[in-house]
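Working through the structure, step by step
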Amino acid sequence: MGRAAPLNHYRFRSAWRLAASPARVYAVLERAERYPRWWPQVRSLTRTGEDSGTARIRSVLPYVLTVTLRTVCRDPASGILEIAMRGDLDGWARWTIRADGDGTLALFEQEVDVRDRLLRLLALPAKPLLAANHTVMMRAGERRLRALLERGLDEE
């Protein structure tokens, strides 16, 4: 029998079906520095190098998480974008972009440990709140990305 994951460990998975080509969706998602323009919970993303940056993220809960990001994989042929994360969250996040009928399936997967001291202390009562907070963030991101693609504003 395996051990239970620590209370500060999270795994997330979201699948977005989008009415745009995989190449177009990939092109938008690979420009992470533009996420704050269309994804309200990504408050800022500042490049610190060609394959690195710092992001500040806040969803419904009045708490900002700061993470440094480093590109692990950027492969348009396979439709994969993956980053390593350090800071208030340690772990990784990955987009996998695939054709889905006339559109695209954008699969987001993330596995992280919360390192922020306060959130670690509140791990037991905060775990369901943090999971719900993430769900709200992902729904808003999907809705806003869909609107961006429909309006054709991703080419700017």
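In this numbering scheme, every chain counts its residues from 1 along its sequence in written order. A pLDDT threshold of at least 70 governs which residues receive local features in this predicted model, and a stricter bar of 80 or more applies before side-chain atom pairs are shown or counted, although totals over entire chains, interfaces and linings include all residues. With hydrogens and water excluded, all non-hydrogen atoms of the structure serve as input to the side-chain values.

What follows covers the overall build of the protein chain. The secondary structure listing takes helices from DSSP runs of H or I that are at least 4 residues long and strands from runs of E that are at least 2 residues long, numbered from the N terminus. When you go through the protein chain residue by residue, the secondary structure sums to four helices and seven strands. Along the protein chain, helices (α) and strands (β) appear in the sequence β-α-α-β-β-β-β-β-β-α-α when read from the amino end. What the globule rule says is 2.2 Å times the number of residues to the power 0.38, and the radius of gyration is computed from C-alpha atoms. Computed over the C-alpha atoms, the radius of gyration of the protein chain is 16 Å, within 12% of the 15 Å expected from 2.2 N^0.38 for a compact globule of 156 residues. Counting only C-alpha atoms, the protein chain reaches 45 × 40 × 25 Å along its principal axes.

What follows covers the pairing of strand β2 (residues 42-49). Of the pairings in the sheet, the one linking β2 to strand β3 (residues 52-57) comprises six bridges and is antiparallel in character. Bridging from a neighbouring strand, Val 42 pairs with Ile 57 of β3. Whether two strands pair depends on DSSP finding at least two bridges between them.

What follows is about the sheet that holds strand β5 (residues 80-87). The seven strands lie next to each other as β1-β7-β6-β5-β4-β3-β2, forming an open sheet whose pairing is antiparallel. A strand with exactly one partner marks an edge of an open sheet, and here the two such strands are β1 (9-18) and β2. With strand direction ignored, the average angle separating the axes of adjacent strands in the sheet is 20°. Axes here mean lines fitted to C-alpha atoms, for a helix over just the part in contact, with angles spanning 0 to 180 degrees between N-to-C directions.

For the rest of this paragraph, the subject is the environment of Leu 124. Within the secondary structure, Leu 124 is located in helix α4 (residues 123-151). For every residue, the accessible area obtained with a 1.4 Å probe (protein chains only) is divided by the maximum for its type, and the residue is called buried under 20%, exposed over 50%, and partly exposed between those limits. Judged by its relative accessible area of 62%, Leu 124 is exposed. Between the C-alpha atoms of Leu 124 and Glu 142, which are 18 residues apart in sequence, the distance is 28 Å.

What follows is about the layout of surface pockets. As defined here, a cavity is a set of points on a 1 Å grid over the protein atoms alone where a 1.4 Å probe fits but cannot get out. A pocket is an open set with protein on both sides within 12 Å along at least five of seven lines, and residues line them when an atom is within 4 Å of a point. Grid points are joined across faces, edges and corners, and a volume is the space filled by probe spheres set on the points. Counted as a void, the largest pocket has a volume near 900 Å³. For the largest pocket, the lining is made up of 48 residues, of which Ile 57, Val 67, Met 85, Gln 110 and Met 137 are closest to its centre. Its residues assigned to classes, the lining of the largest pocket shows 33 nonpolar, seven polar and eight charged. The nonpolar class holds Ala, Val, Leu, Ile, Met, Phe, Trp, Tyr, Cys and Pro. Asp, Glu, Lys and Arg form the charged class, and all remaining residues, Gly among them, are polar.

What follows deals with the nonpolar core. Residue types Ala, Val, Leu, Ile, Met, Phe, Trp, Tyr and Cys, when buried and joined through side-chain atoms within 4.5 Å, form a set referred to as a nonpolar core. Membership of the largest hydrophobic core comes to 37 residues, with the highest contact counts inside it found for Leu 29, Trp 39, Trp 95 and Leu 145. Ranked by residue count, the leading element in this core is α4, at seven residues. The residues touching Leu 29, leaving out its near neighbours within four places in the chain, are Tyr 35, Trp 38, Leu 81, Trp 95, Ile 97, Ala 106 and Leu 145. Two residues form a contact once any of their heavy atoms are found within 4.5 Å.

Here we take up the pattern of salt bridges. One speaks of a salt bridge when a side-chain nitrogen belonging to Lys or Arg is within 4 Å of a carboxyl oxygen belonging to Asp or Glu. Under the criterion given, the structure shown has 11 salt bridges. The shortest N-O distance in the salt bridge between Glu 111 and Arg 11 comes to 3.1 Å. Note that Glu 111 is positioned in strand β7 (residues 103-114) and Arg 11 in strand β1, a separation of 100 residues in sequence. For Arg 11, a relative accessible area of 65% puts it in the exposed group.

Here we come to the packing of aromatic side chains. Describing an aromatic ring pair means giving the distance of the ring centres and the angle of the ring planes. When the centres of two rings from Phe, Tyr and Trp lie within 6.5 Å, Trp using its six-membered ring, the rings pair. Their planes under 30 degrees apart give stacked, over 60 give edge-to-face, and anything left gives tilted. Applying the stated criterion to the full structure yields seven aromatic pairs. Ring geometry for Trp 16 and Trp 95: centres 4.9 Å apart, planes at 65°, overall edge-to-face. Placement of the pair is Trp 16 in strand β1 and Trp 95 in strand β6 (residues 89-100), with a sequence separation of 79 residues. Taking relative accessible area as the criterion, Trp 16 reaches 1% and is therefore assigned buried. Look at Tyr 35 and Trp 38: their rings are 5.2 Å apart centre to centre, the planes differ by 55°, and that puts the pair in the tilted class. Of this pair, Tyr 35 and Trp 38 both sit in helix α2 (residues 35-38), three residues apart, which is roughly one turn of the helix. Residue Tyr 35 is classed as buried on the basis of its relative accessible area of 9%. We classify Trp 38 as buried; its relative accessible area is 5%. Among the aromatic residues, those joined into a cluster by ring pairs are Trp 16, Tyr 35, Trp 38, Trp 39, Trp 95 and Phe 108.

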